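Secondary and tertiary structure notes
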Amino acid sequence: MLVAAIQDDYQIGLAQMPVPALPPKGALVKVIGCGLCGSDLDKFVNQKANPGSVLGHEVVGIIEALDDEHPSGWKLGDMIVTAHHVPCRKCHYCLNDSQSMCRQFKSTNLNPGGFSQYIALTEDHLLHTAYKVPAGITPAEASCVEPLACVLRAVQRGGPQVNGSVLIVGLGFIGLMAAQVYQNDGYAVYGVDLDTSRLELARSQAFVVDTFHPVNERERLDEVLKRHLSVGKVDTVFLSVVNPKTIEMALALVRDGGTLIGFASGPEGTTVDPSRLYFREINLITSYSPSLEDLKNAAHTIFNRKINVAPLVSHSMPLPEIGNAFELYRSGQAIKVFIRMGDSAL
Ligand SMILES: [Zn+2]
Ligand SMILES: [Zn+2]
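Residues numbered from 1 in each chain as written. Chains lettered and ligands numbered in written order. Predicted model: local features only at pLDDT ≥ 70, side-chain atom pairs only at ≥ 80, totals over all residues. Heavy atoms only, no water.

**Regarding the packing of helix α6 (residues 145-157) against helix α7 (residues 173-184)**
At a minimum axis separation of 10 Å, α6 and α7 run at an interaxial angle of 55 degrees. In terms of axis orientation, α6 runs oblique to α7. Along this stretch, α6 crosses α7, giving a crossing that reads as right-handed. Residues Pro147, Leu148, Val151, Leu152 and Val155 of α6 form the contact with α7, whose own contacting residues are Phe173, Ile174, Met177, Ala178, Val181 and Tyr182. Classifying every residue of the contact of α6 with α7 gives eleven nonpolar, no polar and no charged. (Axes fitted to C-alpha atoms, helices over the stretch in contact; angles between N-to-C directions. Helix = DSSP H or I, 4+ residues; strand = E, 2+ residues; numbered from the N terminus. Parallel < 35°, antiparallel > 145°, perpendicular 65-115°, else oblique. Left-handed = near helix turned anticlockwise from the far one by under 90°. Contact = heavy atoms within 4.5 Å. Nonpolar A, V, L, I, M, F, W, Y, C, P; charged D, E, K, R; others polar.)

Right, here's the structure in full:
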């Protein structure tokens, strides 16, 4: 079968691999497509995964073979979406709402990875991370379940607010999903991005109350928040882009006692002066990867179209074009790329 794998020179390239064996009590899934995630880009640009690795974890496919002793509820031909990591659900991390820190979580994965014509799913995947995609939901929409789960966790970690307001920093795929989640929770949502086409998308889809260019429209942003909000600043700043400039803006625009949610790692060496947090009781929260409960909520949200992800999937490209797909994503021209597998190169 054809896969996209990291090459020795850390470029992404096509390779042939044997179709994985059917795992005991598991399933073999013929992949329809897989979303390209920022973490995939990070893994090969910053050389965090070994050559030969097959990336991709936002995967949708059709069950083509099932072991005789598979968990109940699955049948051949089911369209499924699945996440890649399975927490143990028993360790100290798992019992204390840190499933994504569970030592088993990161040691489990799809075999070989989502950018592949077939993947093997273990019994644990079928039991805990896979969901049957209902009729009427497209594979590209279904592929948004795992990244949405990450967003749901971040929003939940920020805690509920009465008459809440949020500033979304970075209106890419994650920011535009977060905007809709906050809207559904009754927040007044404002957004900033350097890219005017993204500001336009957020406004035209009514995902936000208003959008602003963070440099050219900074005065208008201050003025609008003062006019709209009783305390003149937002309760929460959701940072899908983390760097010294966005942190500075967030600290200026969050209310006393408010919350900054960091949804990205940011440049090494970035610092925040603790005295700027302490005296104003600013909460600094990060969110990295979802729990099983978040996945379940995300599947429900997407399958019932409680948020609209279709306009966010800006590109759908066949597997042999994955190099171009990464480039479009890296350069900011793509909001979300869905990589289609297809039969042609088997
Ligand atoms: Zn991801
Ligand atoms: Zn655990």
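More follows now that the structure is in view.
**Observations regarding the domain arrangement of the protein chain**
Along its sequence, the protein chain is carved into domain 1 (2-144 + 313-340) and domain 2 (151-286). Using only C-alpha atoms to locate each centre, domain 1 and domain 2 end up separated by 30 Å. Counting residues at the interface gives eight residues for domain 1 and eight residues for domain 2. Across the domain 1 to domain 2 interface the summed buried area is about 640 Å²; carbon plus sulfur atoms make up 52%. (Domains from an automatic or database assignment. Buried area = accessible area lost by both parts, 1.4 Å probe.)

**Remarks on the coordination of the zinc ion (ligand 2)**
By definition of the ideal shapes, a tetrahedral metal site with four donors has angles of 109.5 degrees and an octahedral site with six donors has angles of 90 or 180 degrees. Around the zinc ion (ligand 2), the protein contributes the donor atoms Cys88 (SG), Cys91 (SG), Cys94 (SG) and Cys102 (SG), which lie 2.3 to 2.4 Å from the metal centre. Along the chain, the residues donating to the zinc ion (ligand 2) fall in the pattern C-x2-C-x2-C-x7-C. Assessed through its relative accessible area of 22%, Cys91 is described here as partly exposed. (Donors = N, O, S within 2.8 Å, 3.2 Å for Na, K, Ca; no water. Buried < 20%, exposed > 50% of the residue type's maximum accessible area, 1.4 Å probe, protein only.)

**Quick notes on the side chain of Ser291**
Tracing the backbone through its elements, the reader meets Ser291 in the loop between β13 (283-286) and α12 (292-303). Ser291 gets classed as buried once you look at its relative accessible area, which sits at 9%.

**Focus on the nonpolar core**
In this structure, Leu148, Val151, Ile168, Met177, Tyr182, Phe238 and Phe303 are the most contacted members of the largest nonpolar core, which totals 51 residues. Residue assignment places this core across two domains, with domain 1 (2-144 + 313-340) and domain 2 (151-286) each supplying three or more. In this view, Ile168 contacts Gly175, Ala178, Ala179, Tyr182, Val189, Tyr190, Gly191, Val192 and Phe238; residues no more than four positions away in its chain are not counted. (Core = buried A, V, L, I, M, F, W, Y, C linked by side-chain atoms within 4.5 Å.)

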